[in-house]
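Summary of the model geometry
One letter stands for each residue in the lines below.
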Amino acid sequence: MTIQLPGADGALRTYEPRTEPLAVTPGTPFTSRTVFSAAHVVADPFADVSPDSPAAVDWDATLAFRRHLWAHGLGVAEAMDTAQRGMGLDWAGAAELIRRSAAEAKAVGGRIACGVGTDQITGGTLAGIRAAYEEQLALVEESGAQAILMASRALAATAAGPEDYLEVYGHLLRQATEPVVLHWLGPMFDPALAGYWGSADLDAATEVFLEVIAAHPDKVDGIKVSLLNAQREIDLRRRLPHGVRCYTGDDFNYPELIAGDEQGFSHALLGIFDPLGPLAAQAVRILDTGDTAGFRALLDPTVELSRHLFQTPTRFYKTGVVFLAWLAGHQAHFTMVGGLQSARSLPHFARAYELADGLGLFPDPKLAEDRMKTLLALYGVTR
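Within each chain, residue numbers correspond to sequence positions counted from 1 in written order. Totals for whole chains, interfaces and linings use all residues, but because this is a predicted model, local features are given only for residues with pLDDT of at least 70 and pairs of side-chain atoms are given and counted only at 80 or more. Side-chain metrics rest on all non-hydrogen atoms present in the structure, leaving aside hydrogens and water.

A few points about the overall build of the chain
Going along the chain from the N terminus, every DSSP run of H or I of four or more residues is numbered as a helix, and every run of E of two or more is numbered as a strand. For the chain, the count of helices and strands is 14 helices and 10 strands. The contact definition used throughout considers only heavy atoms, calling two residues in contact when any of these lie within 4.5 Å. Intrachain contacts of the chain at a sequence separation of at least 6 include 70% that bridge at least 24 residues. Every accessible area reported is derived by Shrake-Rupley at a probe size of 1.4 Å, with residue values counting cover from the shown protein chains alone. Entry remark: accessible area of the chain is about 15000 Å², with carbon and sulfur atoms responsible for 52%. Here the positive residues are Lys and Arg and the negative ones are Asp and Glu; neither His nor the chain ends is included. The location of each charge is read from NZ of Lys, CZ of Arg, CG of Asp or CD of Glu. In the chain, 31 side chains carry a positive charge and 46 a negative one; their mean positions are 2 Å apart.

Regarding the pairing of strand 1 (residues 3-6)
Residues Ile3 and Leu5 point to one face of strand 1 and Gln4 and Pro6 to the other, with burial holding for every one of them. A pair of strands is labelled paired if DSSP reports no fewer than 2 bridges between them. Pairing between strand 1 and strand 2 (residues 12-15): four bridges, direction antiparallel. Within strand 2, the position partnered with Pro6 by the bridge is Leu12. The cut-offs for exposure are 20% and 50% of the maximum accessible area for each residue type, with area from a 1.4 Å probe on protein chains only; residues under the lower value are buried, those over the upper are exposed, and the others partly exposed.

Some thoughts on the pattern of salt bridges
Should their charged atoms come close, side chains of opposite charge can pair. For this document, the term salt bridge refers to a Lys or Arg side-chain nitrogen within 4 Å of an Asp or Glu carboxyl oxygen. By the definition in use, this model includes 19 salt bridges. Here Glu78 ties to Arg66 by a salt bridge, and the two come within 2.4 Å at their closest N and O atoms. Of the two residues, Glu78 is situated in strand 4 (residues 75-78) and Arg66 in helix 1 (residues 59-71); the sequence distance between them amounts to 12 residues. Judged by its relative accessible area of 0%, Glu78 is buried. One salt bridge in this structure joins Arg238 and Asp261, with 2.6 Å as the shortest N-O distance.

Observations concerning unusual backbone geometry
Cis geometry is found at the peptide bond from Thr312 to Pro313, where omega equals -5°. The phi angle at Gln84 is positive, at roughly 65°, despite the residue not being glycine. Within the chain, Leu228 stands out as a residue other than glycine whose phi angle is a positive 55°. Within the secondary structure layout, Leu228 lies in the loop between strand 8 (220-226) and helix 7 (230-237). The exposure class of Leu228 is buried, given its relative accessible area of 18%.

A closer look at the packing of helix 12 (residues 317-327) against helix 13 (residues 346-359)
Each axis is a line fitted through C-alpha atoms, and for a helix only the stretch in contact is used; angles between axes span 0 to 180 degrees, taken between their N-to-C directions. Packing of helix 12 against helix 13 leaves a shortest axis separation of 10 Å and a crossing angle of 55°. With respect to each other, helix 12 and helix 13 are oriented oblique. Crossing of helix 12 over helix 13 shows right-handed handedness. Between helix 12 and helix 13, the residues in contact are Thr319, Phe323, Leu324 and Leu327 and Phe349, Ala352, Tyr353 and Ala356, respectively. Put simply, Ala, Val, Leu, Ile, Met, Phe, Trp, Tyr, Cys and Pro go in the nonpolar bin, Asp, Glu, Lys and Arg in the charged bin, and everything else, Gly too, in the polar bin. When its residues are assigned to classes, the contact of helix 12 with helix 13 shows seven nonpolar, one polar and no charged. Should an angle fall under 35 degrees it is called roughly parallel, over 145 degrees roughly antiparallel, and 65 to 115 degrees roughly perpendicular, with every other angle called oblique. A crossing counts as left-handed when the near helix is turned anticlockwise from the far one by less than a right angle, and as right-handed when that turn is clockwise.

What to know about the nonpolar core
Core analysis: the biggest nonpolar cluster contains 121 residues, and Leu182, Tyr196, Phe273 and Phe323 have the highest contact counts within it. Filtering out sequence-adjacent residues up to four positions away, Phe323 remains in contact with Phe334, Phe349, Ala352, Tyr353, Met372 and Leu375. Counting 10 residues, the second-largest nonpolar core is a separate cluster that includes Phe36, Ala38, Ala113 and Met150. Here, nonpolar core means buried Ala, Val, Leu, Ile, Met, Phe, Trp, Tyr and Cys residues that are tied together by side-chain atoms lying within 4.5 Å of each other.

Some remarks on the environment of Ala259
Mapped onto the elements of the fold, Ala259 is located in helix 8 (residues 254-259). The sequence separation of Ala259 and Gly290 amounts to 31 residues, and the corresponding C-alpha distance is 9.9 Å. Discounting chain neighbours no more than four positions away, the residues touching Ala259 are Arg33, Phe265, Thr292, Phe295 and Arg296.

Let's talk about the packing of aromatic side chains
Between two aromatic rings, the relevant description is the distance of the centres plus the angle of the planes. Pairs were defined over the aromatic rings of Phe, Tyr and Trp, the Trp ring being its six-membered one, requiring ring centres within 6.5 Å. Orientation was assigned from the angle between planes: stacked under 30 degrees, edge-to-face over 60, tilted for the rest. In this structure the tally under the stated criterion is 20 aromatic pairs. For the pair Tyr165 and Tyr196, a centre-to-centre distance of 4.8 Å together with 75° between the ring planes defines the contact as edge-to-face. One end of the pair, Tyr165, is in helix 5 (residues 162-175); the other, Tyr196, is in the loop between strand 7 (180-185) and helix 6 (202-215), and 31 residues separate them in sequence. For the pair Tyr165 and Tyr196, a shared accessibility class is recorded, and that class is buried. When the ring of Trp197 is compared with that of Phe209, the centres are 4.9 Å apart and the planes differ by 40°; the resulting orientation is tilted. You can see Trp197 sitting in the loop between strand 7 and helix 6 and its partner Phe209 sitting in helix 6, a full 12 residues away along the chain. As far as burial versus exposure is concerned, Trp197 and Phe209 are alike and both buried. Ring-pair connections join several aromatic residues into one group, and the members of that group are Tyr133, Tyr165, Tyr169, Trp184, Tyr196, Trp197 and Phe209. The ring of Phe265 has Arg33 sitting right over it, with the charged end atom 3.5 Å from the ring centre. In this scheme, Lys NZ or Arg CZ marks a charge over a ring once it lies within 6 Å of the ring centre and within 35 degrees of the ring normal.

Here's the deal with the side chain of Asp190
With respect to the secondary-structure elements, Asp190 resides in the loop between strand 7 and helix 6. Asp190 gets classed as buried once you look at its relative accessible area, which sits at 9%. Not counting chain neighbours up to four residues away, the residues in contact with Asp190 comprise Arg153 and Leu185.

Focus: the environment of Asp60
Note that Asp60 resides in helix 1. Look at Asp60 and you get exposed, because its relative accessible area is 63%. Each C-alpha atom of the pair Asp60 and Val42 lies 8.8 Å from the other, and the pair is 18 residues apart in sequence.

Spelled out as structure tokens, the structure:
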């Protein structure tokens with residue numbers, strides 16, 4: 001069987017899908033790395049909503065996908081950028097997602113960390129921003145999940161300089177009951193976060209970030225860095241206080257960063273591990289045995305797919321993630337909250353399908369092929 005896929009030039013090319021998926025099975029917990037997958041949300045396709053409406057979520061399918069990740073040993077990073085936080089999922093929806101996912105994690109023994117932000121406000125004063133953070137931190141801690149202090153659009157818009165970041169984060173870290181993960185999300189993921197930590201100069205911003213950590217090392221479990229710059233992450237990782245972990249959020253360079261070097265390594269908190277979950281878990285278990293070459297041999301070939309999904313504009317990578325979840329049979333439809341299924345082109349989808357199929361990511365390759373042909377037909381490809 002073959003399928004006709006459109007390229008970037010508009011011409012159709014013939015592709016022959018594989019017939020068998022990659023053989024992966026759930027296994028023992030990881031021993032060498034802590035690994036979180038940021039997880040997407042599944043929209044309710046029958047809800048009568050518009051892109052501007054509050055998100056209508058299919059809770060059963062959303063939680064089922066989290067059980068899939070936990071079954072393979074991955075932790076779930078909940079209510080993060082991958083869940084369309086601030087791009088279709090508002091704070092009310094995120095709060096419900098946190099409550100439900102944390103309860104599900106407790107029921108199945110899964111690890112979970114949840115995003116804490118300020119998206120119930122759009123701006124205001126530093127006092128208002130602190131209060132917004134506090135509200136979300138309290139909910140996450142009450143749910144029993146670990147907190148991830150996310151970058152705040154409101155703080156980026158309001159802060160006069162580095163001292164405001166130091167004040168707000170210091171206040172929150174003093175309040176936190178358990179060590180948190182600090183999240184530095186670059187402007188390629190969210191343009192509203194340009195100049196975070198008080199400077200557009202990344203070297204100057206790094207110094208402020210490290211100052212926040214150094215002042216409260218006992219309250220920082222780790223940092224999650226999403227700057228898509230491997231060397232910058234390595235340099236930052238080597239300067240962290242003892243006991244503070246680096247969770248890579250670099251969806252371009254994750255194999256080398258997780259593998260590490262003679263001076264250390266990164267753990268992982270990655271959006272690309274949503275579609276790569278079982279394969280990524282198998283790779284980490286290989287790494288657990290000390291076989292770095294085997295880990296790289298399995299994970300390196302996935303980078304082309306990840307770079308494709310996260311290509312500019314990077315913030316629309318969520319569309320490709322949900323598209324692959326549909327093809328893989330994790331949900332019955334390709335609909336997204338906020339109508340974000342329209343954010344990528346047909347040639348983009350075609351290449352994502354081809355790369356994912358080549359990796360053996362689809363548990364049922366025939367189902368994925370049939371669904372890809374359905375999408376192609378909707379776009380007018382009839383042969």
